[in-house]
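# Chain and residue survey
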Amino acid sequence: MNIGDPIPAFAVQDQDGNLVTNETFLGSKTVLYFYPKDSTPGCTAEACNLRDNYQSFLANGYKVFGVSKDSQNSHRNFRNKYELPFPLLSDPTTDMLQAFGAWGEKKMYGKTCFGTLRKTFVIDEQGIIIRIIDKVDTKNHTSQIL
């Protein structure tokens, strides 16, 4: 995925089983962030930073969605525990992750493995990618976006 590309077609469910597709994003600006795993230190820091600045996103006309391959139940627990005000999308097949280039080879503890790459996409009202953040600062992610 590159800046200027339309977002790929996808259909996943959020933590409550609601269907979310690429068409859901049409008509409003969207922040779509991909993260490796619910309730891990970096992912929690990132989600809480976005939560703490959520009103700024709304004031600037943005919807916010998080995506990982965790289950809907895991997302529901994570969302409730940290009082996250935005939906978390579940992609256990990694189809959406792969479509956005957020699934790939990475190093963990000195070993090479495949997993979720932490990435954020800023999308305009027409579903066009206007910004990609590859080097996410989990504790200060809002300032990277806004």
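Placed above this text is the structure.
Residues numbered from 1 in each chain as written. Predicted model: local features only at pLDDT ≥ 70, side-chain atom pairs only at ≥ 80, totals over all residues. Heavy atoms only, no water.

Moving on: the overall build of the protein chain. Counting its secondary structure elements, the protein chain contains 5 helices and 9 strands. Referenced to the eigenvectors of the C-alpha coordinate spread, the extents of the protein chain come out at roughly 40 × 30 × 30 Å. Here the protein chain, with 146 residues, has 45% of them falling under the buried criterion. Sequence separation of 24 or more characterises 61% of the internal contacts of the protein chain that already satisfy a separation of 6 or more. (Helix = DSSP H or I, 4+ residues; strand = E, 2+ residues; numbered from the N terminus. Buried < 20%, exposed > 50% of the residue type's maximum accessible area, 1.4 Å probe, protein only. Contact = heavy atoms within 4.5 Å.)

Turning next to the side chain of Ser28. Mapped onto the fold, Ser28 is located in the loop between strand 2 (19-21) and strand 3 (29-34). Non-local contacts of Ser28, meaning those with residues more than four positions away in its chain, are made with Lys63, Ile123, Asp124 and Glu125.

What follows deals with the side chain of Thr116. Counting through the fold element by element, Thr116 comes out in strand 7 (residues 111-116). When near neighbours in sequence (up to four residues on either side) are disregarded, Thr116 contacts Phe34, Tyr35, Pro36, Leu97, Ala102, Trp103 and Lys106.

Turning to helix 3 (residues 72-81), its buried residues number three or more, namely His75, Phe78 and Arg79. Take helix 3 and look down its axis: the buried residues cluster within an arc of 95°, on one side only. Looking at helix 3, the residues exposed on the side facing more than 90 degrees away from the buried face are Asn80 and Lys81. Contacts made by the buried residues of helix 3 are with helix 1 (41-52), strand 4 (62-68) and strand 5 (88-90). (Arc of directions from axis to C-beta.)

Turning to the nonpolar core, a few remarks are in order. Across soluble globular proteins, nonpolar side chains have a tendency to be buried as a group. Ranked by size, the top nonpolar core spans 18 residues in total, and within it Tyr33, Phe57, Val64, Phe86, Leu88 and Ile145 carry the most contacts. Counting residues per element, the ones that place at least two in this core are strand 3, helix 1, helix 2 (54-59) and strand 4. Here the element with the most residues in this core is helix 1; it accounts for 3 residues. The residues touching Ile145, leaving out its near neighbours within four places in the chain, are Val31, Leu50, Phe57, Thr120, Val122, Arg131 and Ile133. With 17 residues, the next largest nonpolar core counts Val20, Phe65, Phe121 and Ile123 among its residues. (Core = buried A, V, L, I, M, F, W, Y, C linked by side-chain atoms within 4.5 Å.)

Bringing the packing of aromatic side chains into the picture now. All told, the structure shown has 11 aromatic pairs when counted by the stated rule. Taken together, a centroid distance of 6.1 Å and an interplanar angle of 40° make the contact between Tyr35 and Phe78 tilted. One end of the pair, Tyr35, is in the loop between strand 3 and helix 1; the other, Phe78, is in helix 3, with 43 residues separating them in the sequence. Among the residues examined, Tyr35 registers a relative accessible area of 0% and is labelled buried. The structure contains a cluster of three or more aromatic residues connected by ring pairs, namely Phe10, Phe25, Phe34, Phe65, Phe100 and Phe121. In this structure, Lys29 is placed above the aromatic ring of Tyr62, and the distance from its NZ or CZ to the ring centre is 4.7 Å. (Phe/Tyr/Trp six-rings, centres within 6.5 Å; stacked < 30°, edge-to-face > 60°. Lys NZ or Arg CZ within 6 Å of the ring centre and 35° of its normal.)

The next subject is the sheet that holds strand 4. Taken together, the 7 strands give an open sheet; going across it, the order is 2-1-5-4-3-8-9, and neighbouring strands pair in mixed fashion. One side of each edge strand has no neighbouring strand; the edge strands of this open sheet are strand 2 and strand 9 (129-133). The mean inter-strand angle of the sheet, taken between neighbouring strand axes irrespective of direction, is 30°. Looking at chain direction, strand 8 (residues 119-123) and strand 9 are connected through 4 bridges and run antiparallel. Paired with Phe121 across the two strands is Ile132, which belongs to strand 9. (Pairing = 2+ DSSP bridges. Axes fitted to C-alpha atoms, helices over the stretch in contact; angles between N-to-C directions.)

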